[in-house]
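Examining the three-dimensional arrangement
Chain by chain, the residues run as shown.
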Amino acid sequence: MSPLHHPSDETLLAHAAGALDEAFRVIVAVHIAACAQCRSLVLRAEQVGGEMLDTLAATAMTGDALDRTLARLDEQGPADRPAAPPPDGLPAALAGYTIGRWRSLFPGVALASILPPERGRAGLHLLRLAPGRALGDHGHGGREMSVVIAGAVTDERGTYGPGDVAERDDEAHHAPVVVGGQTCLCLIAVEGRLRFRHWALRLLQPLIGV
Amino acid sequence: MTRSVVQSPARLSELIVRIATLRDRAAFAEMFDHFAPRVKSYMLRLGAGPTEADDLAQEAMLTIWRKAARFDPTRAGAATWVFTIARNLRIDALRRERCVEPFDGGAVPDVPDEAAGADSAMAAAQSEQALRAAFAGLSEEETMLVRMSFFEDQPHSAISHTLRLPLGTVKSKLRRTLARLRAILEAGR
Ligand SMILES: [Zn+2]
C-alpha cells in the first residue's frame, strides 16, 4: 500500500538538492523507497539540479587537472561494495548504519540511537512502542520528522502506517499513540532535544540521550 | 584558459555510454571539458575552497568513469546524473568533515536509483523538456528561489539576505513557487 502522509515539497526539494541534514535524509529515503509519487518528484527535482548545473557559469579547472584525472582512471576505485545490509525488518536506507543498544524509556517504549544529536546536527533514533502506548506528550527544540516502519500510530493529525511521514517544525506538543494490536516501530529524526512535558521524562533525558 | 565546451544533451548521454561500453578516454576528456568546470562552480557556490572544489570536480569525473555503466539514458539526462554524483560527493565530504569516528556506511547509497520503478523512469526521461518549458513560465524571482535552493549552503537565509525578505516569507514564497512548478509540470503531462 502506498503511504498517505508525504514529506512537504520543500523537504523533497531539499533532499534532491542534498541540503537535508543526514538524519532527515534517511527519513526521506525510507519514505521514497515506498512512495512512487514522491520518488518521481525527487527525480524531477534532480532534473532541476541537472538543469541548474548545466547553466552554471564554468570555473576554469587547474591547468593539469584533466591530465591528472586521466592518469588516475586505471586506479582501483574505492570498492563499490554495497554497505552491510540492515538488520531484519529495517529499511534498506539504514544499510551501513550501526544501530545502538535498545534502551527502555518507560514501560512499553524503547529507543535505539543511530545518530546521536550533536551541536548543529539532528539525532536519528529507532523507537519501539507497544500496543496502546503513547510516546508521551512532547514538543521540539527544532524540527522533527518521523517515518513509520511497522505498525501504526495516531495523533491529532491522523493515522500513520508504514512509510507515512510526519513532519513538524512548530513548537506544538503532540503525543502519538499506537493503534492496532501490533508493536509500532518508527524512525525519528529530531533537531535539538525533544521536550517532554512530563517531569519524570525530562529527568530521564540525560540518561537516554535524546 | 577556460575550456568550457557546450554540448547537446544527446551528445553528453552518448559520451557516457561510450565511456561505459568502450572505456573511451577521448569521450571522457570531452565529458571533462564540459562538466568539470561546472561541477567546480557548483562546489564553490556551496562553500568549498578553490582547491577543494577543484579536487571534488576531479573526484566527480572519476566517479563518472567508474559508474558509467550504471547510467540509464532512458531514466534521466546526463546533466541530472552528473548532478546527483556531484551532490553525493559533497554530502560525503561534509560527513567526513564532521565525523569524529569513521563512518562505516561508505558512500551515500543511491537509494532512489535502486528503488526507481519503470513508472517514474519513462516519465522522467520525457520530462526534461517539459521542465525547461516550465522554468520559462516562472518569474525571475521564482527561478532565483529555486536556483538558490540548490546552490547555497544555507538556502533559506541566503535567499532572505539576497532578496531582503524575512525568513518566514522566503519559506512561503518557496512553497508557492514549488506548487506552481508542480502545477505547470502536471498540466503538461
Ligand atoms: Zn510520498
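Only a predicted model underlies this, so the values are computations on that prediction, with no experimental measurement involved.

**Concerning the domain arrangement of chain B**
As far as domains go, chain B holds domain 1 (9-99) and domain 2 (133-187). Each of domain 1 of chain B and domain 2 of chain B has a C-alpha centre, and the two are 25 Å apart.

**Considering the pairing of strand E6 (residues 152-155) of chain A**
All names here are of chain A. When E6 meets strand E9 (residues 177-179), the two strands line up antiparallel, connected through 3 bridges. Its bridge partner lying in E9, Val153 is registered against Val178. Once E6 ends, the chain turns through 2 residues before running back antiparallel as strand E7 (residues 158-160).

**Re the sheet that holds E6(A)**
All names here are of chain A. Read from one edge of the open sheet, 3 strands run E7-E6-E9, paired in antiparallel fashion. For this open sheet the edge positions go to E7 and E9, each flanked by a neighbour on one side alone. This sheet shows a mean twist of 35 degrees between the axes of neighbouring strands, independent of strand direction. With 3 bridges connecting them, E6 and E7 associate as antiparallel partners. The partner of Val153 across the bridge, within E7, is Tyr160.

**Focus on unusual backbone geometry**
Residue and element names in this part refer to chain B. Unusually for a residue other than glycine, Arg23 sits at a positive phi of about 50 degrees. Within the fold, Arg23 resides in the loop between helix H1 (9-22) and helix H2 (25-45). For Arg23, a relative accessible area of 38% translates into the label partly exposed.

**Examining the packing of helix H1 (residues 9-17) of chain A against helix H3 (residues 36-55) of chain A**
To characterise two packed helices, one gives the angle between the axes of the helices and the distance between these axes. All names here are of chain A. Contact geometry for H1 and H3: axes closest at 8 Å, N-to-C directions at 55 degrees. Viewed along their axes, H1 and H3 adopt a mutual orientation that is oblique. Crossing handedness for the pair H1 and H3: right-handed. Of the residues in H3, those in contact with Asp9, Leu12, Leu13, His15 and Ala16 of H1 are Cys38, Leu41, Val42, Ala45 and Glu46. Class assignment of the residues belonging to the contact of H1 with H3 gives a composition of 7 nonpolar, 1 polar and 2 charged.

What counts and what doesn't
Residues numbered from 1 in each chain as written. Chains lettered and ligands numbered in written order. Predicted model: local features only at pLDDT ≥ 70, side-chain atom pairs only at ≥ 80, totals over all residues. Heavy atoms only, no water. Domains from an automatic or database assignment. Pairing = 2+ DSSP bridges. Helix = DSSP H or I, 4+ residues; strand = E, 2+ residues; numbered from the N terminus. Axes fitted to C-alpha atoms, helices over the stretch in contact; angles between N-to-C directions. Buried < 20%, exposed > 50% of the residue type's maximum accessible area, 1.4 Å probe, protein only. Parallel < 35°, antiparallel > 145°, perpendicular 65-115°, else oblique. Left-handed = near helix turned anticlockwise from the far one by under 90°. Contact = heavy atoms within 4.5 Å. Nonpolar A, V, L, I, M, F, W, Y, C, P; charged D, E, K, R; others polar.

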